[in-house]
Amino acid sequence: MFKIAIRIFVATFALIVIFVIVFYIWAGSPGFSESGYNKIIHYREPASIRTDTFSVMTFNIGYLSGLDNNLPVNTPLEKTLDNLELAVQVVSSVSPTIIAFQEIDFHSSRSGFINQLDSIGLNSGYAYGSMAVNWDRNYIPYPYWPPQVQFGRMFSGQAILSAITITNNEMLVFPKPSEYPFYYNRFYIDRLLQITTLELSDRSKFLVLNVHFEAFSKTAREIDADILAGYLQTIPEGVPYLVMGDFNSRPPFKIVSGNEERTIRHIFEIGLESAIDESMYIGNPDVFNTFRSDDPSEMIDYIFYDPRIIAKIDAFVIRDAGIISDHLPVFMKFTLKN
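Quantities reported herein were computed from a predicted structural model and do not represent experimental measurements.

**So, the sheet that holds strand S11 (residues 301-305)**
Right, so step 1: Read from one edge to the other, the open sheet built from six strands follows the order S6-S7-S8-S9-S11-S10, with strand pairing classed as mixed. Each end of this open sheet is capped by a strand with a single partner; those strands are strand S6 (165-173) and strand S10 (273-274).
Right, so step 2: The sheet contact formed by S10 and S11 spans two bridges and is antiparallel. Paired with Glu273 across the two strands is Tyr305, which belongs to S11.
Right, so step 3: Running at roughly 175° to strand S8 (residues 205-212), helix H5 (residues 218-232) makes contact with S6, strand S7 (192-199), S8 and strand S9 (241-246) of the sheet.
Right, so step 4: Helix H6 (residues 263-270) contacts S10 and S11 of the sheet and is inclined by roughly 15° relative to S11.

**Focus: H6**
Right, so step 1: Thr263, Ile264, His266 and Ile267 are the residues of H6 that are buried. Along the axis of H6, the buried residues cluster in a sector spanning 155°; they form a single face.
Right, so step 2: Packed against the buried residues of H6 are H5 and S11.
Right, so step 3: Gly271 sits one or two positions beyond H6 and adopts a positive phi of about 115°.

**Some words on the packing of aromatic side chains**
Right, so step 1: Under the definition given, this model contains 26 aromatic pairs.
Right, so step 2: When the ring of Phe19 is compared with that of Phe23, the centres are 6.2 Å apart and the planes differ by 20°; the resulting orientation is stacked. Of the two residues, Phe19 and Phe23 are both situated in helix H1 (residues 2-27); the distance of four residues between them amounts to about one turn of the helix.
Right, so step 3: Given a relative accessible area of 32%, Phe23 falls into the partly exposed group.
Right, so step 4: Cluster of aromatic residues (ring-pair linked, three or more members): Phe174, Phe213, Phe247, Phe253, Phe268, Tyr281, Tyr302 and Phe304.
Right, so step 5: Lying over the aromatic face of Tyr63, Arg110 brings its terminal NZ or CZ to 3.7 Å of the ring centre.
Right, so step 6: Here the guanidinium or amino end of Arg110 rests over the ring plane of Phe151, the centre of that ring lying 5.1 Å away.

**What about the packing of helix H2 (residues 77-94) against helix H3 (residues 116-124)?**
Right, so step 1: Put simply, H2 and H3 touch, their axes get as near as 10 Å, and they point 45° apart. In terms of orientation, H2 lies oblique with respect to H3. For the pair H2 and H3, the sense of crossing is right-handed. In this structure, H2 contributes Thr80, Leu84, Ala87, Val88, Val91 and Ser92 to the contact, and H3 contributes Gln116, Ser119, Ile120, Asn123 and Ser124.
Right, so step 2: Of the residues in the contact of H2 with H3, the class split is five nonpolar, six polar and no charged.

**Comments concerning the environment of Gly28**
Right, so step 1: Structurally, Gly28 is set in the loop between H1 and strand S1 (40-42).
Right, so step 2: On the basis of relative accessibility, which here comes to 5%, the residue Gly28 falls in the buried class.
Right, so step 3: Sequence separation of Gly28 and Asp326 is 298 residues, and the distance between their C-alpha atoms is 27 Å.
Right, so step 4: Ignoring anything within four residues of it in the chain, the contact list for Gly28 reads Arg137, Arg186 and Phe187.

The rules we used
- Residues numbered from 1 in each chain as written.
- Predicted model: local features only at pLDDT ≥ 70, side-chain atom pairs only at ≥ 80, totals over all residues.
- Heavy atoms only, no water.
- Pairing = 2+ DSSP bridges.
- Helix = DSSP H or I, 4+ residues; strand = E, 2+ residues; numbered from the N terminus.
- Contact = heavy atoms within 4.5 Å.
- Axes fitted to C-alpha atoms, helices over the stretch in contact; angles between N-to-C directions.
- Buried < 20%, exposed > 50% of the residue type's maximum accessible area, 1.4 Å probe, protein only.
- Arc of directions from axis to C-beta.
- Phe/Tyr/Trp six-rings, centres within 6.5 Å; stacked < 30°, edge-to-face > 60°.
- Lys NZ or Arg CZ within 6 Å of the ring centre and 35° of its normal.
- Parallel < 35°, antiparallel > 145°, perpendicular 65-115°, else oblique.
- Left-handed = near helix turned anticlockwise from the far one by under 90°.
- Nonpolar A, V, L, I, M, F, W, Y, C, P; charged D, E, K, R; others polar.

Here it is as structure tokens:
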């Protein structure tokens, strides 16, 4: 009798192990082909734009979950749809020529399998979009508890909307934090540099670099900044470009204990300037903080530009966006020199 019980126990344990292994492999596998990870979408013919003055916006929309982002709750679909409508209103109120999104869902269970890029692009009248997928998994076991609020199917990433023709779209994947265990990194988001090339009316190029740096590892975030700096050095001299997105890092001019991180400082050392510069921020930080949107206390979203090529006209944080995301968007109007 004892031997039979042992055999039953061993067989049951083996089945559990096999189930865990199969589930681990299935859950951490992609559901879509990598060939569609950096796709360009053509919504309509672009209007003729004959000007050297443009505007841009960067917005981590947190998959339009409001303040539910990363919390152990299921965001009601009605709330996601309401926030989608509000996002279209925010975009239409400032009508930026180019928008860079982070944490935007293309086909995810947490947001009702709605393609948020297409929804905003079509309803806001944009001509082109480009997507860069950084999270493609059959199942995301997060939040850790309870299981019924875990994310499930995930197809998400970064994206660009443009009133100008997009001719090329690339993505560079930053290395995952080395201090995280392999089983964690298997399900963890890929942090990306999305490089989108636009064609101006005179057939010249304009680059938009959309980033989402590591959030929890300072070491990995600084490595992200090093890789970005290395890429910027490969851009031919004279080609205009903007770098914007969620950098998950405070500006060096925010005086707080322990703010020795060099992520943003490194970008300034390259020679770039921030749309929200030091004098603006120090004068009224409450107006320029971008996170969290219900009571902003940190500036972690930026637009950077090369002052040799681009002249800033205006910049501000769009506080009217409210809490459709846990971030607030940053807007900049500028002119191309020469």
